[in-house]
Amino acid sequence: MISTCSSKLWNCSTCRQFSVLFNLLFILFPTSHCIIPQANQEDLLRSFKSYSDVTMFHYTIPKEILRATWQFAAFMDDPACHPQKVYIHIKFGSYPVIPNEIFLTNVSAKRDDDIVVTTTTTYQPQNVTVVPVYEPQPGDWFVAAYMSYWDEKVQQQGLGHKCQYSIGTVALWSQTDNIKNIPIDYHSRLQTTATTTYYKIYIPSGILSFRLSIWNCTFVLHSFRNVQKPCIEAMYLKGRVLPASNHFHSAEYKTLAVNANYSFVESSPYEDSYYYLLIISNSIIEFNVKIDVTECPVRLTEVLFTKEYINIASSFNSITKMNTYNELIKRNWHYKINNVSRFYNADNEFYQEKEKREKRETDNQCIPRYQLVRVKHAETFSTVYLLQGKEWLSSRLILTDLVPIMMQFNILPLIDIGGTLDINVNLEVKKLLSTQSIAVTMCIQRDRIPKLEDRHSCQKGSLMINLSSLNKRNASILITYPQPGVWYIIILPTCYNFSVPVPCQIERLSTLLNIRTKKCTFSDENICGNHGICREIQKNILHYATCNCFKGYTGWDCTDISSTIPAISLLSVVPLVISNIFFVPAIYIAVKRKLYAEGLVYLVTMLFSSFYHACDQSGGQFCITKYEVLQYSDFFSSILSFWVTLIAMAQLPIAFVPLCHMMGVFVITFGVQIDKMCLISILIPLSLAVVIPVSMHTYRIFQSRKCKNPSRRTLFGLLFAIIGLLLYSFIETEKNYQYVHSVWHIVMALSLIFLLPHTKSKQTTSSTNPAFNDDRDSWSCKESHGIPTFTIIDQENRTITSG
């Protein structure tokens, strides 16, 4: 999104200064070719109570970027506001996971690639936080920002100034153009064009390993100085990202003399990706280059596919008693010392012949490799991954201890990253010998094939699951907000006889491999534990699920009770509901005085207030209907109860009471529907309601020519109402809300008892007999002892009765 500064967040002068700073940084930014797809993004900042409070930004970085730079500025809209500390998380591929949230024991909390910085809010753009990221991966990047929690004042919108905090962010990056491509399986002679030259190599899917060989480097421009210097002063190979010449360590790059050769070997490369080769030389040079690959295609599984690989596995194990496929890779690129010089001769005849022979030997030595099928359900974050045969789908995988089995599946960007990746494996063993046990090692890694260091451990950087037929036949791992890409799984079982490794002698060894995405972290029945509910958040194209905790619990799965928000026990929630019982005396008095409409409104207010607070404080656990419906009903009935009380105090003629009640319903409905949190929505109907009794009281004083002071009951009622308004407006904070708001319920309910009038609205006629009125006289007819009796009331209030 390309946007300008929003007037809702910043004033115009602040916006201009902010833009000037970013433009200046953009001009000074060293780059060969700059692009800014998102010139400016801004949003409001909130204190962190749950992940729904996090402000999220999304950027897309293209390929072949040397450096990406983020610039952040945090603001407050008034110099009197207290400066707040802002935490900013930058992450590639998926949404950042806030580190102070508590994870389950089986949840992967590895977030080494997160970048975390802090800044402070200011009124003027004095502090701009610059975060450079060298060699950024191309694709989606996410920025999450939030403020640390503080006891924020609960303030009615429009009553005084409420501080608003915001953050603006700009992303800049430099891009390199016209990078020459090096084809695989072809010998090429390359020539540099500058001191620093980039080349790229595309590695398709199904490549187990590749080797990049460089030899026969010569100077195109000869000079005396070239004799004393290496032909290639530095060369560096990196996958997916463009290596920066001034950003890697000396141990990471290699030099190459004129008569020397060197090979980069990638035993577990990124597939379906570009690798970039950086060549640095002070002179124009030429060199030979060739990329050799070992292919292991993805296959469909068959019911008895293990038999198909028995011979392969035997050959696999016979190679220097291999235990993992790493030895296979090493063997593929193993060259005898006495053949090195022959290999790098000018005509390459020996090289080509040796390559053909090795290719024939290793064509059938790939480990079994399968692509899991993605099955998408209608509900969000409910994808399952299954093994695919020619006519079936299954989660059962047949294992053999002779060779590891490899599977891969895809996590899609933006679609799958907002949930939780759940990998569950269950060991199934049939007819196992009493003296034999089975241990299964499972390695999981994204983008690159994981490696087995031995039969019982995975290489550093991989996730590992260990199973045993003795004590652990089921295990799972949860990965919150998984990064997109291809995920690989390696499984290898080992049989033991009294702790000694032996060949497996079982009829069938299989596992149930359940891989799926789901919302949040816990089980399907209780995905956020006992203290939270799973909530989906949609912000433009961003969609993710998070646990919304209640009762003071925080954390990723609502299990943390020791955070900055104090624990809210049941005893602190109950007062908000129980305090509504104080409406019962007001209801009783209203009914006793035949103020039935007022009593009904008080009853409805008591019920909706109880239902709303039970729903609000439980985080949605005790909601009889939608939260928005209960909230609207609570606000509407509360304002209406004040309205009908003030109308009753006016003691209007009976004909005008229904009119005033309906007018109040329409005015309150309109105001609450516009914005129920705004002070104007409350002040307008209450101001109109106050005018009515005040006007009637003034009119009666004018008619009687006597000044009648308010009764003590009315003064007590007004005092309670004022105390309640002061508590509501100036005392409530997020920490004391449960208690102060409960007192507000009690005080306002008591005020109704004193404000209700003793008598109902004055009636101009009898309520039981028909009345006839004209401009001169009032007539009433009543029947006594069967004889009609007529009573005539003239204009001078004289009564004439006739029968």
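Anything mentioned here points back to the structure above.
Residues numbered from 1 in each chain as written. Predicted model: local features only at pLDDT ≥ 70, side-chain atom pairs only at ≥ 80, totals over all residues. Heavy atoms only, no water.

Participant: How should I be thinking about the packing of aromatic side chains in this particular structure?
Facilitator: Aromatic ring pairs are defined here through the distance separating the ring centres and the angle between the ring planes. Evaluated as defined, the whole model comprises 19 aromatic pairs. Centroid distance tyrosine 274 to tyrosine 276: 6.4 Å. Interplanar angle 35°. Geometry classified as tilted. The exposure class assigned to tyrosine 276 is buried, which follows from its relative accessible area of 1%. Taken together, the ring pairs in this structure connect Tyr51, Tyr95, Phe142, Tyr481 and Tyr544 into an aromatic cluster. For lysine 200, the ring lying beneath its charged end belongs to tyrosine 274, and the centroid distance is 5.0 Å. In this structure, arginine 448 packs its charged tip against the face of tyrosine 270, placed 4.7 Å from the ring centre. (Phe/Tyr/Trp six-rings, centres within 6.5 Å; stacked < 30°, edge-to-face > 60°. Buried < 20%, exposed > 50% of the residue type's maximum accessible area, 1.4 Å probe, protein only. Lys NZ or Arg CZ within 6 Å of the ring centre and 35° of its normal.)

Participant: Explanation requested: the packing of helix α10 (residues 596-617) against helix α11 (residues 627-650) in the structure shown.
Facilitator: Angle between the axes and distance between the axes: these two values describe a pair of packed helices. Where α10 meets α11, the axes come as close as 8 Å, and the angle between the chain directions of the two elements is 150°. Judged by the inter-axis angle, α10 sits roughly antiparallel to α11. Seen along the crossing, α10 lies across α11 with a hand that is left-handed. Contact with α10, carried on its side by Glu598, Val601, Tyr602, Val604, Thr605, Phe608, Ser609, Phe611, Tyr612, Cys615 and Asp616, involves Tyr627, Leu630, Gln631, Ser633, Asp634, Ser637, Ser638, Leu640, Ser641, Val644, Thr645 and Ala648 of α11 and no other residues of that element. Here the residues of the contact of α10 with α11 sort into 12 nonpolar, 8 polar and 3 charged. (Axes fitted to C-alpha atoms, helices over the stretch in contact; angles between N-to-C directions. Helix = DSSP H or I, 4+ residues; strand = E, 2+ residues; numbered from the N terminus. Parallel < 35°, antiparallel > 145°, perpendicular 65-115°, else oblique. Left-handed = near helix turned anticlockwise from the far one by under 90°. Contact = heavy atoms within 4.5 Å. Nonpolar A, V, L, I, M, F, W, Y, C, P; charged D, E, K, R; others polar.)

Participant: Is there a simple way to think about helix α9 (residues 583-592) in this case?
Facilitator: Owing to its 3.6 residues per turn, the α-helix brings residues three or four apart onto one side. Here α9 has its buried residues at Phe583, Ala586, Ile587, Ile589 and Ala590. Each buried residue of α9 lies within a common arc of 165° when the element is viewed along its axis, so the set occupies one face. Away from the buried face of α9 by more than 90 degrees, exposed residues Tyr588 and Lys592 are located. After α9 finishes, the residue lysine 594 shows a positive phi value of roughly 60°. (Arc of directions from axis to C-beta.)

Participant: Is there a simple way to explain the sheet that holds strand β5 (residues 85-92) in this structure?
Facilitator: Read across the sheet, 4 strands follow the order β3-β9-β5-β7 without closing on themselves; strand pairing throughout is antiparallel. In this open sheet, the two edge strands, each paired with only one partner strand, are β3 (55-61) and β7 (115-120). Shown here is a sheet whose adjacent strand axes are inclined to one another by a mean of 20°, direction ignored. (Pairing = 2+ DSSP bridges.)

Participant: Just to check I follow, could you spell out the nonpolar core for this structure?
Facilitator: Within soluble globular proteins, side chains that are nonpolar generally end up buried alongside one another. Counting residues in each nonpolar core, the largest one holds 50 residues, and the members touching the most others are Phe409, Ile423 and Ile489. The residues touching isoleucine 423, leaving out its near neighbours within four places in the chain, are Phe409, Met442, Ile444, Ile465, Ala475, Ser476, Ile477, Ile489, Leu513, Asn514 and Ile515. (Core = buried A, V, L, I, M, F, W, Y, C linked by side-chain atoms within 4.5 Å.)

Participant: It is not clear to me how the side chain of aspartate 401 should be interpreted in this structure. Could you clarify?
Facilitator: If you trace the backbone, aspartate 401 turns up in the loop between β24 (396-398) and β25 (405-411). Polar contacts involving the side chain of aspartate 401 include one to the main-chain amide nitrogen of cysteine 504, which spans 3.0 Å. With near-sequence residues (within four places) excluded, aspartate 401 lies in contact with Arg455, Leu492, Pro493, Val502, Pro503 and Cys504. (Polar contact = N/O pair within 3.5 Å; in protein donor to acceptor, adjacent residues only side chain to side chain.)

Participant: How do you make sense of the pattern of salt bridges when you look at a structure like this?
Facilitator: Pairs can form between side chains of opposite charge once their charged atoms are near each other. Scanning the entire structure with this criterion turns up 16 salt bridges. Salt-bridge contacts for glutamate 286 lead to arginine 189; the nearest nitrogen and oxygen are separated by 3.6 Å. Of the two residues, glutamate 286 sits in strand β19 (residues 285-295) while arginine 189 sits in strand β12 (residues 187-191), which places them 97 residues apart along the sequence. Look at arginine 189 and you get partly exposed, because its relative accessible area is 34%. (Salt bridge = Lys/Arg side-chain N within 4 Å of Asp/Glu carboxyl O.)

Participant: Before we go on, may I ask you to explain unusual backbone geometry in this structure?
Facilitator: In terms of backbone geometry, most residues other than glycine have negative phi values and most peptide bonds are trans. Even without being a glycine, aspartate 185 presents a positive backbone phi close to 65°. Assignment of secondary structure puts aspartate 185 in the loop between β11 (180-181) and β12. For phenylalanine 381, which is not a glycine, the phi torsion comes out positive at approximately 50°. Turning to its location among the elements, phenylalanine 381 is positioned in the loop between β21 (373-376) and β22 (383-388).

Participant: Sorry, what's going on with α10 here?
Facilitator: Helix length check: α10, at 22 residues, gives a terminal C-alpha distance of 32 Å against a target of 32 Å (1.5 Å per residue), a fit within 8%. For α10, the full list of buried residues reads Glu598, Gly599, Val601, Tyr602, Thr605, Met606, Ser609, Ser610, Tyr612, His613, Cys615 and Gln617. (Expected span 1.5 Å × (residues − 1).)

Participant: Help me understand the state of the cysteines in this model?
Facilitator: Cysteine pairs can be linked by a disulfide, which is a covalent bond between their two sulfur atoms. Under the definition given, this model contains 6 disulfides. Paired through a disulfide, cysteine 443 and cysteine 458 show a sulfur-sulfur distance of 1.8 Å. Torsion about the S-S bond of the cysteine 443 and cysteine 458 cystine: about -90°, corresponding to left-handed handedness. Taken together, the positions of cysteine 443 in strand β27 (residues 436-446) and cysteine 458 in the loop between β27 and β28 (463-468) put the pair 15 residues apart, joining distant regions of the chain. Each of the two residues, cysteine 443 as well as cysteine 458, counts as buried. Each disulfide pairs two cysteine sulfurs, and for cysteine 520 the partner residue is cysteine 534, the sulfurs being separated by 2.1 Å. Handedness of the cysteine 520-cysteine 534 disulfide follows from its S-S torsion of about 90°: it is right-handed. Note that cysteine 520 is positioned in the loop between β32 (508-518) and β33 (532-539) and cysteine 534 in strand β33, a separation of 14 residues in sequence. Overall, cysteine 520 belongs to the buried group, its relative accessible area being 3%. Here cysteine 534 falls in the partly exposed class, since its relative accessible area comes to 23%. (Disulfide = S-S within 2.5 Å.)

Participant: Would you explain the sheet that holds β12 in this entry?
Facilitator: Sheet strands pair via backbone hydrogen bonds, and the direction of the pair is either parallel or antiparallel. With antiparallel pairing, the 4 strands of this open sheet are ordered in space as β12-β19-β14-β17. Where the open sheet ends on each side, the last strands, each with one partner, are β12 and β17 (261-266). Strand-to-strand twist in this sheet, taken as the mean axis angle between neighbours without regard to direction, amounts to 20°. In this sheet, β17 lies alongside strand β14 (residues 207-219) in antiparallel orientation, the contact comprising 6 bridges. What sits directly across from isoleucine 214, in β17, is tyrosine 262.

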